[in-house]
Every structure is written in C-alpha cells, then in structure tokens.
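# Chains, contacts and geometry: an overview
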Amino acid sequence: MTAGDRASMTFTLDASLASSRYFSYGAMGLPSNDAFIANENPLWIRIFDEDGNFLGADFIVISCPLVSERV
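In what follows, the accompanying structure is described. (Residues numbered from 1 in each chain as written. Predicted model: local features only at pLDDT ≥ 70, side-chain atom pairs only at ≥ 80, totals over all residues. Heavy atoms only, no water.)

Counted under the stated rule, the structure contains 2 aromatic pairs. Relative to Tyr-25, the ring of Phe-23 has its centre 6.3 Å away and its plane inclined at 25 degrees; by these criteria the two rings are stacked. Under the relative-accessibility criterion, Phe-23 is labelled partly exposed at 33%. Aromatic side chains Phe-48 and Phe-54 sit 5.6 Å apart centroid to centroid with 65 degrees between the ring planes, which places their arrangement in the edge-to-face category. You can call Phe-48 buried: its relative accessible area is 9%. Assessed through its relative accessible area of 61%, Phe-54 is described here as exposed. (Phe/Tyr/Trp six-rings, centres within 6.5 Å; stacked < 30°, edge-to-face > 60°. Buried < 20%, exposed > 50% of the residue type's maximum accessible area, 1.4 Å probe, protein only.)

Structure, rendered in structure tokens:
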C-alpha cells in the first residue's frame, strides 16, 4: 500500500466465544519498517457483551509526532 491507500476486510465472529468479545488493532506506518500503532489494552474495545449481543465500537485514533530514537 502507498500513502492515501485504503483497505478493508470483513470478519465473521462467534459472539458466544469470550475470545471474540474485544477488538484489537495494529498497523505499521509506511515507509518505515519500525513505526507501529496499536491499542495497548486488548480489553479496551469491547464489541460483544456476556450474552453475545453486539455493542458496536466507535473509536478515533489520534496520532502524534513520531520520535526516532537510536540506541
């Protein structure tokens, strides 16, 4: 993918499974191979309740300037 490109995917989840109740994401910033963004807490974005009812999930990812640090 290049700057400005978009991609989408469709997933089918089993709402009865506890492992399907939360949404997590991760992405790599291009053209770098070491700039990533992801949610820190895998239990932060809940999309199904205990009964399997879809709760939905709206969230906004706000970026900040990247800092390069050489070790």
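Continuing now.
This part is about the side chain of Asn-39. Within the element layout of this structure, Asn-39 appears in the loop between strand S3 (36-38) and strand S4 (45-46). Given a relative accessible area of 12%, Asn-39 falls into the buried group. Side chain to side chain, Asn-39 and Ser-24 meet in a polar contact 3.5 Å long. Among the polar contacts listed, one links the side chain of Asn-39 to the backbone oxygen of Asn-41, at a separation of 3.1 Å. Ignoring any residue separated from it by four or fewer positions in sequence, one finds Asn-39 in contact with Phe-23, Ser-24, Tyr-25 and Trp-44. (Helix = DSSP H or I, 4+ residues; strand = E, 2+ residues; numbered from the N terminus. Polar contact = N/O pair within 3.5 Å; in protein donor to acceptor, adjacent residues only side chain to side chain. Contact = heavy atoms within 4.5 Å.)

What follows deals with the pattern of salt bridges. Taken as a whole, this structure holds 1 salt bridge when the rule is applied. We note a salt bridge from Arg-46 to Glu-50, for which the minimum N-O separation is 2.9 Å. (Salt bridge = Lys/Arg side-chain N within 4 Å of Asp/Glu carboxyl O.)

Taken together, the side chains of Met-9, Phe-11 and Leu-13 make up a nonpolar region of the molecular surface, amounting to roughly 380 Å² of accessible area. Mapped onto the fold, Leu-13 is located in the segment before strand S1 (22-23). Residue classification places Leu-13 among the partly exposed residues on the basis of a relative accessible area of 44%. (Patch = residues over 30% accessible without salt bridge, like charges linked within 9 Å, V, L, I, M, F, W, Y side chains within 5 Å. Areas by Shrake-Rupley, 256 points an atom, 1.4 Å probe, with all protein chains shown as cover.)

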